[in-house]
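Report on the structure
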Amino acid sequence: MITTNLDNLASEIAEVANEFSKEIDLTLNAAFNGDKMSVEVVFADKTYNYSYDLKYENELERKRYVKRYVKLSAYKTLCDHYGEKMPWGALTGIRPTKLAYQQGENWRDFFINDMLVSADKTELVGKILDAQKPYMVKAGGVNDLFVSIPFCPTRCAYCSFLSCEIGREKHVNEYIAALINEIEAAKRLGLNYRSIYVGGGTPVSIETPLLKTVLDALSDIKTQEFTVEAGRPDCITEEKLKLLKDHGVTRVCVNPQTFSDKTLSVIGRKHSVKDVIEKYELTKSFGFTVNMDLIAGLPEETFEDFKYSIDKAIELYPENVTVHTLCLKKGSKLKESVERLSAGEVDKMVDYAHAALFSAGYVPYYLYRQKYMAGNLENTGYERNDTACIYNIDIMEEIGSIVACGANGVSKRVFGDENRIERLAAPKDILTYLNKINLIISDKNELFA
Ligand code: SF4
């Protein structure tokens, strides 16, 4: 349990504590004297004291420093007690790279000295900032269109997304009709879209005629990049790939997650490694830029299993490989049944992926972190030969305003000059989404007016 006199920061302290994957009973109290801040942490019958100088120009900045020092105090205490350091130090947010941009040219100093981030992770962020240079624009300077098709053939055991088994969902046709209404409304906003991303779920799990209606609605939008997250090989067919090609899709994700048949069965996938390879080759034969997702820390996988998957992906040589670390949230079937792998084991997997991909000519170009990630690590996207996915950069660095269509879509308008973002989340539940579609469209019109 976390006890603190800074009630609004209790969840921030809990996030730091969560990184240590233990039940933690900690009391943290802060006191202020002018621009001095002192923090007392009581943990495991020991008292720790810290003091900081608060340098700020306005109230917002002051709050930011207070939050940072509170997290740092909790982190230092837990490191001292457990004799363990975390790869990302006291950083707990989703977007370390965005934080680096905000810190300006001294960001490395801030990462290593202020937030105690490891040298390896700081180096990783440095490589990503370099790779992103050709794509960076002023925040709010571009727009991207996200389209959500939240259906899958079956539900993977680790899944915590909104995703319905398509065979059990009675409202697929109505959903697609409402989605097309939203897409048409998004077109009427009069924005230029730098990218379109059709995600899921598994967008190609819907029947071909329905997929065609969605693609028909999207195909007259002029854009630099058009991605469809085909996802699972059990839904990829030649007919659907041809449809994507004919409608101007440029990028397709074919996601193996692992190249072990045994693990595919453990995580509830109804296809084999052979299917993945066949569908990957079929997808490549249409000339798409392909991304492959792999996951480190899947149940029952050893370092050798994961190494094999990375080596196999490199042998297939897709343009992009995204290395995720397993993240078990509430809502996933595996949550209760799987022990978290030791941080060291997953760390070794992620380090291997980085080294192997780098020496095969891939560079990391975006990353993000989530709560409950195995080893408290990160998800990193790699690309080769300048094939970075623009949508991933725009959304992760929050430089693009996102017009999201579909259930669970989160639209974001980035007001770069004012350094603020307004968000609008669509309902997660399909029936609620269908009932509220007119309101969703009018709220979005207002957001982007
Ligand atoms: S394919 Fe992705 S969205 Fe669909 S069930 Fe599996 S993890 Fe969830």
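Rules behind the numbers
- Residues numbered from 1 in each chain as written.
- Predicted model: local features only at pLDDT ≥ 70, side-chain atom pairs only at ≥ 80, totals over all residues.
- Heavy atoms only, no water.
- Helix = DSSP H or I, 4+ residues; strand = E, 2+ residues; numbered from the N terminus.
- Rg over C-alpha atoms; globule rule 2.2 N^0.38 Å.
- Buried < 20%, exposed > 50% of the residue type's maximum accessible area, 1.4 Å probe, protein only.
- Contact = heavy atoms within 4.5 Å.
- Areas by Shrake-Rupley, 256 points an atom, 1.4 Å probe, with all protein chains shown as cover.
- Lys, Arg positive; Asp, Glu negative; His and termini not counted.
- Charge placed at Lys NZ, Arg CZ, Asp CG, Glu CD.
- Core = buried A, V, L, I, M, F, W, Y, C linked by side-chain atoms within 4.5 Å.
- Pairing = 2+ DSSP bridges.
- Axes fitted to C-alpha atoms, helices over the stretch in contact; angles between N-to-C directions.
- Left-handed = near helix turned anticlockwise from the far one by under 90°.
- Nonpolar A, V, L, I, M, F, W, Y, C, P; charged D, E, K, R; others polar.
- Arc of directions from axis to C-beta.
- Salt bridge = Lys/Arg side-chain N within 4 Å of Asp/Glu carboxyl O.
- Domains from an automatic or database assignment.
- Buried area = accessible area lost by both parts, 1.4 Å probe.
- Expected span 1.5 Å × (residues − 1).

Considering the overall build of the chain
A count of helical and extended segments in the chain gives 15 helices and 17 strands. In terms of overall size, the chain behaves like a compact globule, its C-alpha atoms giving a radius of gyration of 23 Å where 449 residues would be expected to give roughly 22 Å. Its C-alpha atoms give the chain principal-axis dimensions of about 65 × 50 × 40 Å. Within the chain, the fraction of its 449 residues that count as buried is 55%. Taking contacts inside the chain between residues at least 6 apart in sequence as the whole, the part at least 24 apart equals 72%. Total accessible area computed for the chain in this model is approximately 20,000 Å², and 48% of it derives from carbon and sulfur atoms. A gap of 2 Å separates the mean positions of the 56 positive and 65 negative side-chain charges of the chain.

Quick look at the nonpolar core
Leu145, Leu179 and Leu218 are the most contacted members of the largest nonpolar core, which totals 87 residues. Ranked by residues supplied to this core, first place goes to helix H6 (residues 172-188) with nine residues. Once residues lying within four places of it in the same chain are set aside, the contact partners of leucine 145 are Ala186, Tyr193, Ser195, Ile196, Tyr197, Leu218, Ile221, Val403 and Cys405. The next biggest cluster of nonpolar side chains, apart from the first, holds 41 residues, and it includes Met37, Phe43, Val70 and Val125.

Points about unusual backbone geometry
With an omega of 0 degrees, the peptide bond between glycine 200 and glycine 201 qualifies as cis. Residue placement: glycine 201 occurs in the loop between strand S8 (195-199) and helix H7 (208-218). Positive phi, close to 65 degrees, is recorded for aspartate 45, a residue that is not glycine. Counting through the fold element by element, aspartate 45 comes out in the loop between strand S3 (36-43) and strand S4 (46-53). For leucine 116, which is not a glycine, the phi torsion comes out positive at approximately 60 degrees. The class for leucine 116 is partly exposed, based on a relative accessible area of 32%.

Notes on the sheet that holds S3
With mixed pairing, four strands are arranged side by side in an open sheet as S1-S2-S3-S4. Two strands bound the open sheet, and with one partner strand each, they are strand S1 (2-4) and S4. This sheet shows a mean twist of 20 degrees between the axes of neighbouring strands, independent of strand direction. Note that S1 and strand S2 (residues 26-33) share three bridges and pair parallel.

Some remarks on the packing of helix H1 (residues 10-18) against helix H2 (residues 59-82)
Interaxial distance between H1 and H2 falls to 9 Å at its minimum, and their mutual angle equals 30 degrees. For H1 against H2, the interelement crossing comes out right-handed. Together, Glu12, Ile13, Val16 and Ala17 of H1 and Lys67, Val70, Lys71, Ala74, Tyr75 and Leu78 of H2 make up the contact between the two elements. Residues of the contact of H1 with H2, tallied by class, amount to seven nonpolar, no polar and three charged.

Brief notes about the environment of serine 309
Of note, serine 309 is situated in helix H11 (residues 303-316). Serine 309 gets classed as buried once you look at its relative accessible area, which sits at 1%. As a C-alpha pair, serine 309 and aspartate 114 span 195 residues in sequence and 36 Å in three-dimensional space. Once you skip the residues sitting within four places of it in the chain, serine 309 turns out to touch Thr258, Phe259 and Leu294.

So, helix H8 (residues 238-246)
Three or more residues of H8 are buried, namely Lys240, Leu241, Leu243 and Leu244. Burial along H8 is one-sided: seen end-on, the buried residues are contained in an arc of 155 degrees. In H8, the exposed residues that point more than 90 degrees away from the buried face are Glu238, Glu239 and Asp246. Its buried side turned inward, H8 meets H7, strand S9 (225-231), strand S10 (251-254) and helix H10 (273-285). Directly after H8, the chain includes glycine 248, whose backbone phi takes a positive value near 85 degrees.

Regarding the pattern of salt bridges
Counted according to the given criterion, the structure contains 29 salt bridges. A salt bridge links aspartate 53 to lysine 36, with the nearest nitrogen and oxygen atoms 2.6 Å apart. A residue pair is termed long-range when its members are at least 10 positions apart, and aspartate 53 in strand S4 and lysine 36 in strand S3 qualify at 17 residues. The closest approach of N and O atoms between glutamate 378 and lysine 121, which form a salt bridge, is 2.9 Å. You can see glutamate 378 sitting in the loop between strand S13 (363-368) and strand S14 (379-383) and its partner lysine 121 sitting in helix H5 (residues 119-132), a full 257 residues away along the chain. As far as burial versus exposure is concerned, glutamate 378 and lysine 121 are alike and both buried. Sharing partners across several salt bridges, the network here consists of Arg95, Lys98, Glu398, Lys412 and Arg423.

Focus: the domain arrangement of the chain
What the domain assignment lists for the chain is domain 1 (2-84) and domain 2 (137-435). Distance between the C-alpha centres of domain 1 and domain 2: 36 Å. At the interface, four residues of domain 1 touch five residues of domain 2. Carbon and sulfur atoms make up 27% of the surface buried where domain 1 meets domain 2, a total of about 440 Å² over both sides. Linking domain 1 to domain 2 there are one salt bridge. Between arginine 369 and glutamate 19 there is a salt bridge; the shortest N-O distance is 3.5 Å.

What about H10?
Taking 1.5 Å of rise per residue, the 13 residues of H10 would be expected to cover 18 Å, and the 19 Å separating its terminal C-alpha atoms lies within 8% of that figure. Within the sequence span of H10, burial applies to Val273, Val276, Ile277, Tyr280 and Thr283. The buried residues of H10 all sit within an arc of 130 degrees when viewed along its axis, so they share a single face. With respect to the buried face of H10, the exposed residues turned more than 90 degrees away are Lys274 and Ser285. At its buried positions, H10 is contacted by H8, S10, helix H9 (261-266), strand S11 (289-296) and H11. Of the residues trailing H10, glycine 287 is marked for its positive phi of about 85 degrees.

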